[in-house]
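Descriptive analysis of the structure
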Amino acid sequence: MKFFLDTANLDEIAKAASYGFLDGVTTNPSLMAKEGIASQEERIKEICKLTDGPVSAEALSTDVPGMLAEARRLAGLAPNVAVKLPLTMAGLEATKSLSAEGIKINLTLIFSPLQALLAAKAGAHFTSPFVGRLDDIGQDGMDLVEQIIGIYNNYAYETEVIVASIRHPQHVLRAALMGADIATIPFKVIEQLAKHPLTDKGLASFLADYEKASKK
Ligand code: E4P
């Protein structure tokens with residue numbers, strides 16, 4: 001299972017790389033805005049220097065000619081850029097052309113299994129179901145991931161599933177149990193994955209016992 005980091009923050013990306021948990025990065029316009037970035041191209045280039053894995057940069061155009069031009073420009077920034085397009089009819093049409101040119105497309109804002117089916121049929125390299133946002137409206141976002149994996153397995157589609165909009169470690173656990181290809185994870189959730197109170201308690205008592213014994 002691959003771990004992508006869902007951020008545009010360079011310190012977080014460098015830290016995740018030093019932990020050895022950085023198989024790629026996903027960004028979006030909101031994550032760029034959070035870093036105070038108005039024009040994303042320089043930041044995408046900087047991120048691509050920190051990882052050889054795919055780095056998703058989101059196009060802002062909503063019409064096909066705009067998406068094509070923007071995606072080609074973003075893909076030219078570094079060899080590992082994947083371009084995010086929204087799952088709209090325009091996004092699907094642009095994906096067909098861009099995938100044929102060898103540009104990796106990540107179809108984003110996926111909220112239904114049929115949207116994911118269309119993404120695979122259009123030739124998207126990645127599909128990004130947003131699980132947390134479905135949870136937020138009272139649905140179980142991980143059910144969507146299970147359905148998408150089932151459909152892709154039925155037809156041997158090669159589109160990789162990126163579980164996105166992850167809010168907590170349980171999302172990562174369920175994604176792993178379902179065999180999702182990738183989880184794109186906020187930095188704080190990566191750190192939470194390592195935490196267990198019994199680990200902290202056990203370590204404290206091992207160190208205390210050793211300290212006691214060494215004073216005898
Ligand atoms: C995925 O690629 C998106 O950047 C992200 O996971 C969206 O998450 P959010 O719902 O927390 O904004």
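Definitions and cut-offs
- Residues numbered from 1 in each chain as written.
- Predicted model: local features only at pLDDT ≥ 70, side-chain atom pairs only at ≥ 80, totals over all residues.
- Heavy atoms only, no water.
- Pairing = 2+ DSSP bridges.
- Helix = DSSP H or I, 4+ residues; strand = E, 2+ residues; numbered from the N terminus.
- Axes fitted to C-alpha atoms, helices over the stretch in contact; angles between N-to-C directions.
- Contact = heavy atoms within 4.5 Å.
- Near = heavy atom within 4 Å.
- Polar contact = N/O pair within 3.5 Å; in protein donor to acceptor, adjacent residues only side chain to side chain.
- Areas by Shrake-Rupley, 256 points an atom, 1.4 Å probe, with all protein chains shown as cover.
- 1 Å grid on protein atoms, 1.4 Å probe; cavity = no way out; pocket = protein on both sides within 12 Å on 5 of 7 lines; lining within 4 Å.
- Sits in = over half its atoms within 2 Å of the grid points.

Moving on to the sheet that holds strand β3 (residues 55-58). Pairing in this closed barrel of eight strands is parallel, and the strands run β1-β2-β3-β4-β5-β6-β7-β8 around the ring. Mean inter-strand twist for the sheet, computed between neighbouring axes without regard to direction, equals 30 degrees. The sheet contact formed by strand β1 (residues 2-6) and strand β8 (residues 182-185) spans four bridges and is parallel. The residue bridging L5 from the neighbouring strand is I185, located in β8. Packing of helix α8 (residues 141-155) onto the sheet brings it into contact with β5 (105-110), β6 (126-129) and β7 (160-163), and relative to β7 it is tilted by some 175 degrees.

So, about the site of the ligand. Close to the ligand lie D6, T26, N28, L31, K84, F130, R133, A164, S165 and R167, which account for all nearby residues. A distance of 2.7 Å is found between an oxygen atom of the ligand and a side-chain nitrogen or oxygen belonging to D6. At 2.7 Å, a side-chain N or O of R133 approaches an oxygen atom of the ligand. Protein coverage of the free-state accessible area of the ligand, which is 340 Å², stands at 85%. Most atoms of the ligand, that is more than half of them, are within 2 Å of grid points of the largest pocket.

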